[in-house]
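Understanding the architecture of this molecule
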Amino acid sequence: MKIRAGYNIAFQCPYAVPMVLMLTTHPSRDGDILSDQLMQFSPRVDARDYFDPYGNICTRLVAPPGLLEVRSEFVVEDSGLPDEVCQTAQQWGVAELPGDVLPFLLASRYCDTEKLSTLAWLLFGGIQSGWQRAQAICNYAHERIEFGYHHARGDRTASEGHEERRGVCRDFAHLAVTLSRCMNIPARYCTGYLGDIGVPPDTAPMDFSAWYEVFLDGRWFTLDARHNHPRIGRILIARGRDAADVAISTAFGTAQLVRFNVTTEEFKETGQDSALKEAA
């Protein structure tokens, strides 16, 4: 299947502000991008890309005083398959884990494992390790938190989300990641596009989505504590220890977000689209 994705975002800056944007899809999807994924700025600015320590693509620029518009639209080819479920996936012992996986067992800014470790072992210590335990954690986070955009808070930790029992997709992911790490299951936070493909349309405005991945049987599997159901059409932008590593925008000064539109939808070619492609 093909998916049309993109964004139209604007910032209001009272003065020139250095910024880092993380809006380009992850390099693992490079072979699936069917059209130019060009980041367009109005007014034009000098911008350059670099890779962060986790292999994500970051864009560095200086936003001029006034309104800065950032937009892009592109088409992605996707398998059309839902997230993989592997009931037989086994949990590896810590001593067997690759070195680059070990950091995803540690506490991080929003994943305060030291505050939830005792609870995690009480809840999940008696569940068979591997996929069953990982899924039980996902189920718990899904049931524990009530979703609502009006519950959004940029500094909420996993333990605070557990206590407050409310939040947005990042809070679901932070809680599940933290509980997984408490149980020695490596887990990393993910952000990207997730449209309403194969599910009833959500009436709320579209947004970027947060999910997470766990390391079992020597590879990473996708889990989603907010939806808790295999979904179709995830387009990864970035991975990290938690949301602090994959912020969509980081401003080193005042930059007020004044417009935020995200698009993710199945792209079905019309006869006119096909004719234009053949002509080209």
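Let me sum up the structure you'll find in this document.

Basis of the calculations
- Going along each chain's sequence as written, the residues are numbered from 1 onward.
- The predicted nature of this model means local features are confined to residues of pLDDT at least 70 and side-chain atom pairs, given and counted, to a pLDDT of 80 or more, with totals for whole chains, interfaces and linings taken over all residues.
- No hydrogens and no water enter the side-chain calculation; it runs on all heavy atoms of the structure.
- The secondary structure listing takes helices from DSSP runs of H or I that are at least 4 residues long and strands from runs of E that are at least 2 residues long, numbered from the N terminus.
- Atoms counted for the radius of gyration: C-alpha only. Globule rule: 2.2 Å times residue count to the power 0.38.
- Summary of the burial criterion: residues with accessible area below 20% of their type's maximum are buried, those above 50% are exposed, and those between are partly exposed, where the area comes from a 1.4 Å probe applied to protein chains only.
- By definition in these notes, contact holds between two residues if any of their heavy atoms fall within 4.5 Å.
- For accessible areas, the Shrake-Rupley method is used with a probe of radius 1.4 Å. Any residue's cover is judged against the shown protein chains and nothing else.
- Pairing between strands is defined by DSSP: at least two bridges between the two strands are required.
- Axis definition: a line fit to C-alpha positions, over the contact stretch in the case of helices; interaxial angles, taken between N-to-C directions, run 0 to 180 degrees.
- Any two rings among Phe, Tyr and Trp, with Trp reduced to its six-membered ring, count as a pair given centres within 6.5 Å; such a pair is stacked if its planes are under 30 degrees apart, edge-to-face if over 60, and tilted if neither.
- As used here, the term nonpolar core means buried Ala, Val, Leu, Ile, Met, Phe, Trp, Tyr and Cys residues forming a set that is joined through side-chain atoms within 4.5 Å.
- Expected helix span is given by 1.5 Å per residue-to-residue step, counting one fewer step than there are residues.
- Under this scheme an angle from 65 to 115 degrees is roughly perpendicular, one under 35 degrees roughly parallel, and one over 145 degrees roughly antiparallel; angles in between are oblique.
- It is the rotation of the near helix from the far one that decides the hand of a crossing: anticlockwise by less than a right angle makes it left-handed, clockwise makes it right-handed.
- Just so you know the grouping, Ala, Val, Leu, Ile, Met, Phe, Trp, Tyr, Cys and Pro go in nonpolar, Asp, Glu, Lys and Arg go in charged, and all remaining residues, Gly too, go in polar.

**Overview of the overall build of the protein chain**
Helix and strand counts for the protein chain come out as five helices and 14 strands. A compact globule built from 280 residues would reach a C-alpha radius of gyration of about 19 Å, and the protein chain, at 20 Å, matches this within 12%. The proportion of buried residues among the 280 residues of the protein chain is 48%. Summarising the internal contacts of the protein chain: among those between residues at least 6 apart in sequence, 77% fall at separations of at least 24. Of the roughly 13,600 Å² of accessible surface on the protein chain, 50% is carried by carbon and sulfur atoms.

**Things to note about the sheet that holds strand β10 (residues 209-216)**
Read across the sheet, four strands follow the order β11-β10-β9-β12 without closing on themselves; strand pairing throughout is antiparallel. Looking at strand neighbours, the two that pair on one side only are β11 (219-223) and β12 (235-240), the edges of this open sheet. Looking at each pair of strands side by side, their axes are set apart by 35° on average, direction ignored.

**Re the sheet that holds strand β3 (residues 40-42)**
Read from one edge of the open sheet, four strands run β3-β6-β1-β14, paired in antiparallel fashion. Single-partner strands in this sheet number two, and they are β3 and β14 (256-266). Taken over all neighbouring pairs, the strand axes of this sheet differ in orientation by 10° on average, direction set aside. Pairing of β3 with strand β6 (residues 66-77), which is carried by three bridges, proceeds in the antiparallel orientation.

**Examining the pairing of β12**
Consecutive side chains of a regular strand alternate in pointing toward one face of the sheet and then the other. Of all the six residues making up β12, six are buried; the element is thus mostly covered by neighbouring parts of the structure. Strand direction decides the pairing type here: strand β9 (residues 187-193) and β12, joined by five bridges, are antiparallel. Bridge pairing links glycine 192 to leucine 236 in β12.

**Re the packing of aromatic side chains**
Applying the stated criterion across every chain, the model contains eleven aromatic pairs. Between tyrosine 54 and phenylalanine 104, the ring centres sit 6.2 Å apart and the planes meet at 55°, which makes this aromatic pair tilted. Of this pair, tyrosine 54 sits in the loop between β4 (47-51) and β5 (57-63) while phenylalanine 104 sits in the loop between β6 and α1 (113-124), and the two are 50 residues apart along the sequence. We classify phenylalanine 104 as buried; its relative accessible area is 7%. Summarising the aromatic geometry, the rings of phenylalanine 104 and tryptophan 220 are spaced 5.7 Å apart at their centres and angled 85° between planes, so their arrangement reads as edge-to-face. A residue pair is termed long-range when its members are at least 10 positions apart, and phenylalanine 104 in the loop between β6 and α1 and tryptophan 220 in strand β11 qualify at 116 residues. The partly exposed category is assigned to tryptophan 220, whose relative accessible area is 22%.

**Brief notes about the nonpolar core**
The biggest cluster of nonpolar side chains holds 39 residues, and the ones touching the most others in it are Leu21, Leu23, Val70, Tyr193 and Phe208. Elements represented by at least two residues in this core include exactly β1 (2-13), β2 (17-21), β5, β6, α4 (169-182), β9 and β12. Of all hydrophobic cores here, the second largest spans 29 residues; its members include Cys111, Ile145, Cys182 and Met183.

**Quick notes on α4**
For α4, which comprises 14 residues, the first-to-last C-alpha distance of 20 Å matches the rise-based estimate of 20 Å (1.5 Å per residue) to within 8%. Counting buried residues in α4 gives 14 out of 14 residues, a clear majority hidden from the surface. Where α4 ends, the next residue or the one after it, asparagine 184, has phi of about 65°, a positive value.

**Some words on the packing of α1 against helix α2 (residues 131-144)**
The contact between α1 and α2 brings their axes to 11 Å, and the two run at 115°. In terms of orientation, α1 lies roughly perpendicular with respect to α2. In this structure, the crossing between α1 and α2 has a hand that is right-handed. Packed against α1, whose contacting residues are Leu119, Leu123 and Phe124, the element α2 presents Arg133, Ala136, Ile137 and Tyr140 at the interface. The class makeup of the residues in the contact of α1 with α2 is six nonpolar, no polar and one charged.

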